[in-house]
Amino acid sequence: GDSVTQMEGPVTLSEEAFLTINCTYTATGYPSLFWYVQYPGEGLQLLLKATKADDKGSNKGFEATYRKETTSFHLEKGSVQVSDSAVYFCALKTGGYQKVTFGTGTKLQVIP
Amino acid sequence: SQTIHQWPATLVQPVGSPLSLECTVEGTSNPNLYWYRQAAGRGLQLLFYSVGIGQISSEVPQNLSASRPQDRQFILSSKKLLLSDSGFYLCAWSVGTGGAYEQYFGPGTRLTVT
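This structure is a prediction, so every number in the text was calculated from the model and none was measured.

Asker: Can you tell me about the overall build of chain B, naming the residues and giving the values?
Answerer: Within chain B, the secondary structure is distributed over 0 helices and 11 strands. Secondary structure of chain B in N-to-C order comes out as β-β-β-β-β-β-β-β-β-β-β. Relative to the compact-globule value of 13 Å for 114 residues, chain B shows a C-alpha radius of gyration of 14 Å, a close match. If you line up chain B on its principal axes, its C-alpha atoms span 40 × 30 × 25 Å. Looking at chain B as a whole, 47% of its 114 residues qualify as buried. Intrachain contacts of chain B at a sequence separation of at least 6 include 55% that bridge at least 24 residues. Carbon and sulfur atoms provide 53% of the accessible area of chain B, an area that totals close to 5200 Å². On chain B, the mean spot of the 7 positive side-chain charges and the mean spot of the 6 negative ones are 10 Å from each other.

Below is the structure:
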C-alpha cells in the first residue's frame, strides 16, 4: 500500500539557518504530494503541493520538488524564523481515491 | 469562502462515558468529509471518511462510529470511551476525487479520557 516516510525529529535550528526535512514515498500510480504544517494546538494547514514529476511547490519561502526518480519530496527553506516552529507533515494522494496518506510528522524548533 | 468548524475544542470524559464530536463545513456543497485521530507525538490516523449523506467508510475497527446526517455535517461518536481514545481529533474536507484535491482541516478537538 501507499506509505510516506519522514525524517525523525525533533529538528532544532537557529534562526536564519537552512532547513531540509526529508520525505520519501511509496505509492501505486502517480500521486500528488503535499506538505502540511501544524502549529501548536491547531489543525493542519496546507503549506504547498505538487501534482506531477518535476513540479516545484512553494509558499512562504518553503519549497519542495517532486522527484519521481528518487520518490522524494523534501521540504526546504533558505532561512528559518522562530515563527516556523511547528510540526511538518508530508502526505500523498493517489488520484481517484479519497484517502490521503500522511507521514508521522517532523517537529521543527527554531531558536533565536 | 469555505470554513470548517469543530466542537467542542476540548473535552475531558471518564472511561465508559459516551462521546459526540461534531464537524460542520460552510461554503461548499457535497464535500468529502474525514475524521482523523492524532495521538500524542504521533502522526495522523484516518478513522472514517464519507463521500455523501449516509455513506461512511471505516478505516480502523474500534469502538468509534461516524454519521453524516446532513451534507455538511459529520459526527464522531462512541457509546463507551476507552482510555486509548484520548487524542486530538481532526475533521477535514475536500472536493473532487482527483489526486490534486487537497484536504482542509478544522481546528481539532482535544479529548482526554480519564
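There's plenty left to go through after this.
Asker: Give me the lowdown on the sheet that holds strand β7 (residues 64-70) of chain B, citing residues and values where you can.
Answerer: Residue and element names in this part refer to chain B. In space, the 4 strands of this open sheet follow the order β1-β3-β8-β7, with antiparallel pairing throughout. Strands with a single pairing partner mark the edges of an open sheet, and in this sheet they are β1 (3-7) and β7. Across the sheet, the mean angle from the axis of one strand to that of its neighbour is 20 degrees, orientation sign disregarded. In this structure, β7 lies alongside strand β8 (residues 73-78), joined through 5 bridges in antiparallel fashion. Note that in β8 the partner of Gln70 across the bridge is Gln73.

Asker: Give me the layout of surface pockets: which residues, what numbers.
Answerer: Empty space within the second largest pocket amounts to approximately 350 Å³. Around the second largest pocket sit 18 residues that line it, and Asp2, Lys99, Val100 and Thr101 of chain A together with Glu59 of chain B are the ones nearest its centre. When residues of the lining of the second largest pocket are traced back to their parent elements, those giving at least two are β10 (86-94) and β11 (100-102) of chain A together with β5 (44-52) of chain B. Grouping the constituent residues of the lining of the second largest pocket by class yields 7 nonpolar, 7 polar and 4 charged.

Asker: Before we move on, can you summarise the sheet that holds strand β7 (residues 56-59) of chain A with the specific residues and values?
Answerer: All names here are of chain A. If you walk across this open sheet you meet the 4 strands as β3-β9-β8-β7, and the pairing is antiparallel. Among the strands making up the open sheet, the edge pair consists of β3 (19-21) and β7. Direction aside, the axes of adjacent strands within the sheet are offset by 15 degrees on average. Looking at chain direction, strand β8 (residues 62-65) and strand β9 (residues 75-77) are connected through 3 bridges and run antiparallel. Among the inter-strand pairings, Phe62 is bridged to a residue of β9, identified as Lys77.

Asker: Explain the interface of chain A and chain B to me, using residue names and the numbers behind them.
Answerer: Bring the parts together and some accessible area is lost; that lost area is often taken as the interface size. With 23 residues of chain A in contact, the opposing surface of chain B contributes 24 residues. Here chain A packs against chain B, burying approximately 1700 Å² in sum over the two surfaces, 56% of which is carbon and sulfur. The partner of Glu102 of chain B in a salt bridge is Lys49 of chain A, with the nearest N and O atoms 2.8 Å apart. Taken together, the links from chain A to chain B amount to 3 residue pairs in polar contact (both at pLDDT 80 or more). Among the elements of the structure, β5 (31-38), β6 (44-50), β10 and β11 of chain A are those that each provide at least two residues to the side of chain A that touches chain B.

The rules we used
Residues numbered from 1 in each chain as written. Chains lettered and ligands numbered in written order. Predicted model: local features only at pLDDT ≥ 70, side-chain atom pairs only at ≥ 80, totals over all residues. Heavy atoms only, no water. Helix = DSSP H or I, 4+ residues; strand = E, 2+ residues; numbered from the N terminus. Rg over C-alpha atoms; globule rule 2.2 N^0.38 Å. Buried < 20%, exposed > 50% of the residue type's maximum accessible area, 1.4 Å probe, protein only. Contact = heavy atoms within 4.5 Å. Areas by Shrake-Rupley, 256 points an atom, 1.4 Å probe, with all protein chains shown as cover. Lys, Arg positive; Asp, Glu negative; His and termini not counted. Charge placed at Lys NZ, Arg CZ, Asp CG, Glu CD. Pairing = 2+ DSSP bridges. Axes fitted to C-alpha atoms, helices over the stretch in contact; angles between N-to-C directions. 1 Å grid on protein atoms, 1.4 Å probe; cavity = no way out; pocket = protein on both sides within 12 Å on 5 of 7 lines; lining within 4 Å. Points joined across faces, edges and corners; volume = space filled by probe spheres on them. Nonpolar A, V, L, I, M, F, W, Y, C, P; charged D, E, K, R; others polar. Buried area = accessible area lost by both parts, 1.4 Å probe. Salt bridge = Lys/Arg side-chain N within 4 Å of Asp/Glu carboxyl O. Polar contact = N/O pair within 3.5 Å; in protein donor to acceptor, adjacent residues only side chain to side chain.

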